[in-house]
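One letter stands for each residue in the lines below.
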Protein chains: 2
Amino acid sequence: VKRKERSVAEYVEGVLNNDRTILAQAITLVESNAAKHMEMAQQILNALLPHIGKSIRIGITGVPGAGKSTFIEAFGQFLCEKGHRVAVLAVDPSSSITGGSILGDKTRMENLARHPHAFIRPSPSGGTLGGVHRKTRETMLLCEAAGYDIILIETVGVGQSEFVVRGMVDFFMLLALTGAGDELQGMKKGIMELVDAVIINKADGDNKPKALAAKEEYNQFLHYLRPATPGWETKAYTCSALHGEGIADIWRVIATFVTVTKQSGVFETRRRHQLKDWVYAMIKDYLETSFFANPRVKEKLPLIENLVMSGTKAVTAAVQELIAAYEGRD
Amino acid sequence: VKRKERSVAEYVEGVLNNDRTILAQAITLVESNAAKHMEMAQQILNALLPHIGKSIRIGITGVPGAGKSTFIEAFGQFLCEKGHRVAVLAVDPSSSITGGSILGDKTRMENLARHPHAFIRPSPSGGTLGGVHRKTRETMLLCEAAGYDIILIETVGVGQSEFVVRGMVDFFMLLALTGAGDELQGMKKGIMELVDAVIINKADGDNKPKALAAKEEYNQFLHYLRPATPGWETKAYTCSALHGEGIADIWRVIATFVTVTKQSGVFETRRRHQLKDWVYAMIKDYLETSFFANPRVKEKLPLIENLVMSGTKAVTAAVQELIAAYEGRD
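The rules behind the values
Within every chain, residues take consecutive numbers counted from 1 along the sequence as written. Note on labels: chains are lettered from A, ligands numbered from 1, in written order. Only residues with pLDDT of at least 70 get local features here, since the model is predicted, and only at 80 or more are side-chain atom pairs given and counted; chain-wide, interface and lining totals rely on the full set of residues. Hydrogens and water are ignored here; the side-chain numbers use all heavy atoms of the structure. Grid spacing is 1 Å over the protein atoms alone, the probe is 1.4 Å, and a cavity is where that probe fits but cannot get out, while a pocket is an open set with protein on both sides within 12 Å along at least five of seven lines and lining residues have an atom within 4 Å of a point. Grid points are joined across faces, edges and corners, and a volume is the space filled by probe spheres set on the points. Under the DSSP-based scheme used, a helix requires at least four consecutive residues in state H or I and a strand at least two consecutive residues in state E, with every element numbered from the N terminus. Residues were grouped as follows: Ala, Val, Leu, Ile, Met, Phe, Trp, Tyr, Cys and Pro as nonpolar; Asp, Glu, Lys and Arg as charged; and all remaining residues, including Gly, as polar. Whether two residues are in contact is decided by their heavy atoms: any pair within 4.5 Å suffices. By buried area we mean the combined loss of accessible area, with a 1.4 Å probe, across both parts when two parts are placed together. Note on definitions: salt bridges are taken to be side-chain nitrogens of Lys or Arg within 4 Å of carboxyl oxygens of Asp or Glu. Here the aromatic set is Phe, Tyr and Trp, taking the six-membered ring for Trp, and pairing holds for ring centres within 6.5 Å; pairs whose planes are under 30 degrees apart are stacked, those over 60 apart are edge-to-face, and all others are tilted. Polar contact is defined as a pair of N or O atoms within 3.5 Å, subject to the rule that within protein one atom must be able to donate a hydrogen and the other to accept it, and that residues adjacent in sequence are counted only when both atoms are side-chain atoms. Each copy is superposed on the other by least squares, with the fit set by C-alpha atoms of residues at a pLDDT of at least 70 in both. By definition here, a helix of n residues has an expected span of 1.5 Å times n minus one. Two axes are fitted around each residue, one to the seven residues ending there and one to the seven starting there, and the angle between them is reported as the bend at that residue. For every residue, the accessible area (1.4 Å probe, protein chains only) is compared with the maximum for its type, and the residue is labelled buried under 20%, exposed over 50%, or partly exposed between those bounds. At least two DSSP bridges between two strands are required for those strands to pair. Comment: axis = line fitted to C-alpha atoms, over the contacting stretch for helices; angle = value between 0 and 180 degrees taken between N-to-C directions. Orientation labels follow simple angle bins: below 35 degrees gives roughly parallel, above 145 gives roughly antiparallel, 65 to 115 gives roughly perpendicular, and whatever is left gives oblique. In this scheme the handedness of a crossing depends on how the near helix is turned from the far one: anticlockwise by less than a right angle means left-handed, clockwise means right-handed.

Caption draft 1: Highlighting the layout of surface pockets. Taken as a whole, the second largest pocket holds about 550 Å³ of empty space. Of all the elements in the fold, those that place two or more residues in the lining of the second largest pocket are helix 3 (35-48), helix 6 (129-145) and helix 10 (266-292) of chain A together with helix 12 (315-326) of chain B. Residue contributions to the lining of the second largest pocket peak at five residues, all from helix 12 of chain B. Per-class residue counts for the lining of the second largest pocket are seven nonpolar, eight polar and four charged.

Caption draft 2: Focus on the interface of chain A and chain B. Listed as interface residues are 55 residues of chain A and, on the opposing side, 55 residues of chain B. Here chain A meets chain B over a buried area of about 5200 Å², counting both sides, of which 65% is carbon and sulfur. Counting the contacts that link chain A with chain B gives four salt bridges. We note a salt bridge from Glu305(A) to Lys276(B), for which the minimum N-O separation is 3.6 Å. Elements that contribute at least two residues to the side of chain A that touches chain B include exactly helix 3, helix 6, helix 8 (208-224), helix 10, helix 11 (295-309) and helix 12 (315-326) of chain A. Counting residues per element, the side of chain A that touches chain B draws most heavily on helix 10 of chain A, which supplies 14 residues. Counted by class, the side of chain A that touches chain B contains 29 nonpolar, ten polar and 16 charged residues.

Caption draft 3: Inspection of the packing of aromatic side chains at higher detail. Summed over all chains, the structure comprises 17 aromatic pairs over all chains. Taken together, a centroid distance of 5.2 Å and an interplanar angle of 10° make the contact between Phe221(A) and Phe221(B) stacked. One end of the pair, Phe221(A), is in helix 8; the other, Phe221(B), is in helix 8 (residues 208-222), on a second chain. Every member of this aromatic cluster is reached through a ring pair, and the members are Tyr280(A), Phe291(B), Phe292(B) and Tyr326(B).

Caption draft 4: Up close: the side chain of His84(A). Residues and elements named next belong to chain A. Here His84 shows up in the loop between helix 4 (68-81) and strand 2 (86-91). A distance of 2.8 Å separates the side chain of His84 from the side chain of Asp149, its partner in a polar contact. Filtering out sequence-adjacent residues up to four positions away, His84 remains in contact with Leu79, His117, Asp149, Ile150 and Trp251.

Caption draft 5: Structural detail: the relation of the copies chain A and chain B. Superposition of chain A onto chain B requires a rotation of 180° combined with a translation of 0.0 Å along the rotation axis, giving an RMSD of 0.0 Å. The transformation just described matches what one would write down for a two-fold rotation axis. Nearest to the rotation axis, the C-alpha of Gly190(A) is located 2.8 Å from it, this being the minimum over chain A. Of all interface residues in chain A, 100% are interface residues in chain B too; the two copies therefore contact each other through one and the same surface.

Caption draft 6: Representation of helix 11 (residues 295-309) of chain B. Compared with an ideal rise of 1.5 Å per residue, which puts 15 residues at 21 Å, helix 11 of chain B spans 22 Å between its outermost C-alpha atoms and is within 8% of the ideal. At Leu301(B), helix 11 of chain B shows its strongest bend, of approximately 40°, with the proline Pro302(B) following within four residues. Of the positions making up helix 11 of chain B, those classed as buried are Val297(B), Leu301(B), Ile304(B), Glu305(B), Val308(B) and Met309(B). On its buried face, helix 11 of chain B sits against helix 10 of chain A together with helix 10 (266-292) and helix 12 of chain B. Where helix 11 of chain B begins, the side chain of Asn294(B) points an oxygen toward the backbone nitrogen of Arg296(B), at a separation of 2.9 Å.

Caption draft 7: Expanded view of the pattern of salt bridges. All chains considered together, the criterion is met by 27 salt bridges over all chains. Across the pair Lys208(A) and Glu245(A) runs a salt bridge, and its minimum N-O distance is 4.0 Å. Of the two residues, Lys208(A) sits in helix 8 while Glu245(A) sits in the loop between strand 7 (235-238) and helix 9 (247-264), which places them 37 residues apart along the sequence. On the basis of relative accessibility, which here comes to 37%, the residue Lys208(A) falls in the partly exposed class. Residue Glu288(B) pairs with Lys284(A) through a salt bridge whose shortest N-O separation is 3.7 Å. Highlighted residues: Glu288(B) in helix 10 and Lys284(A) in helix 10, drawn from two different chains. You can call Lys284(A) partly exposed: its relative accessible area is 32%.

Caption draft 8: Up close: the sheet that holds strand 4 (residues 150-155) of chain A. All names here are of chain A. Read across the open sheet, the seven strands follow the order 3-2-4-1-5-6-7; overall the sheet is parallel. Bordering the open sheet on either side are strand 3 (118-120) and strand 7, each of which pairs with just one other strand. Shown here is a sheet whose adjacent strand axes are inclined to one another by a mean of 25°, direction ignored. Sheet topology places strand 1 (residues 56-61) next to strand 5 (residues 171-176); four bridges connect them, and they run parallel.

Caption draft 9: The packing of helix 2 (residues 20-31) of chain B against helix 6 (residues 129-145) of chain B, seen in detail. All names here are of chain B. As a packed pair, helix 2 and helix 6 sit with axes 9 Å apart at the nearest point and diverge in direction by 155°. Between helix 2 and helix 6, the angle is such that the two are roughly antiparallel. Our pair here, helix 2 against helix 6, has a crossing hand that is right-handed. Between helix 2 and helix 6, the contacting residues are Leu23, Ala26, Ile27, Val30 and Glu31 on the first element and Arg134, Lys135, Glu138, Thr139, Leu142 and Cys143 on the second. Its residues placed into classes, the contact of helix 2 with helix 6 shows six nonpolar, one polar and four charged.

Caption draft 10: Layout of the sheet that holds strand 1 (residues 56-61) of chain B. All names here are of chain B. Spatially, seven strands are ordered 3-2-4-1-5-6-7 in an open sheet, and the strand pairing comes out parallel. Only two strands of the sheet have a single partner each, and these edge strands are strand 3 (118-120) and strand 7 (235-238). Direction aside, the axes of adjacent strands within the sheet are offset by 25° on average. In terms of strand pairing, strand 2 (residues 86-91) meets strand 4 (residues 150-155) through six bridges, oriented parallel. Directly across from Val86, in strand 4, lies its bridge partner Ile150. The strands touched by helix 6 within the sheet are strand 1, strand 2, strand 3 and strand 4, with strand 2 carrying the most contacts at an inclination of about 175°.

Here you go:
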């Protein structure tokens, strides 16, 4: 039998009461691409607007194998035990390619998933990074309305996903490994300039001296960079998620960050700019999507692109032709 | 009396014969925003298409005071004396604000400007970075058709202009100073990951030991980064543009770069991707410009933006309203 459809008011009340079933269903609405669901999701979000924005939003990135799940599980449990309510989300635009979400998977964080104060939601699958961005952001807002006061957003850093997560969170950290070659881990283009902390995980057993050396190396490197957040010095720290060592220290760093940036006004300014940037990002995403999904553009693009790349058609002429096709003037 | 108007054929012939007056007039057409001029410019560029792309395109960035003019003058004269023909262009989106072009100014490069094998053109003034981008790129193509085999493109690195120049050139270098504080010069976000060489200028007199120390420091730092060009190691070099020292070495580095990347295919691949990227960049620029120039959008944007930033309007609702205004559905 088909599930009884809920009204907007029922969703709103359910989310505010942190009814986990209703919260999950509201997220499903937000993740749906059906016009009817999107319309309803917007009504729900509008009604919840006064109840959002009160969490601390933390982004976590790192190469596969850096131990993000283990870290998030240890960190999340620590926070739950301190009385916080923790929602774990993920941004993984590759999940549309790999045919399923690889992040935020409950089976990877069994203990945290069982905790009554934790809520884990995998990355929305399918669609563009712009779509994943919107869905994750709105899921975050629903979780805030449901009373989760700490949001952890995980990403593997495919393509531009780190910029997307940086644009969603207050504090952004890179989880790094050591002892795998002489280069700094995760030294993806520009990533070091986005983060507020570098966490060298697996600082345990034989690996501990290497982790401490890596910490020094990172700090040396970070010294050269402009910090991601004005008035905050990005530094490297070690921890062992496996043994729970250093977890409390990382939380202290984040708590200090929040105090410092709230005092300086940087916290609030960033939040306001993020809202504005989201508007612009969504408009650009809409404009580009409607352009490149246009049937006449889709038909003409491959040939024109080849002519341009082989040097037989001028760029501006190509652009004019594509725009004419889009506007039905061809 | 009004200047006699030239035909497309006259422009094409004049440019191919490197008639400097006609070349300058063709560039003025390219820089014009009048529909009639743009149309004519496109016809000229189309006719010249078989004659373009045969130069080496070199980008030069650096903070104000790094000595870019002195360097370009010395480097340009060296190249002219070696038998090359050198065009100097500039990308300076700020020239629309400062009310005139501050780059590529002939008065700053008097000796080079007088050389019969050199052609200097200041940054197009006015308009968006997208507009400056297109105009500079098309000016570069005209110069290539006129037989300039080395194109130097200068930028101060305002906003995104370094990314624009990186997307136009084969070889990109950062001109840096030393002895001005303990931080690496020009350490703008991401810039070090864009360049193929760092040139420490003013390595003369008392400053020479400092320049050599800065070179070491840069090389240490560069070691950590992924190089801007696959198969090429970005390194730091010293020179004294004032005394002409190190100029020949820098040319040897660039010549090696060209040989290596042409052999590996990276040179040609980058050129092809730049053409494709230009198409996409121009389309995005067009879409955004026509959206934000729309009278209904312009009217609604400030209020909606404020409502979003103060948290009283949801982002998605704001976006939907603006799109409705754009499409005349409000």
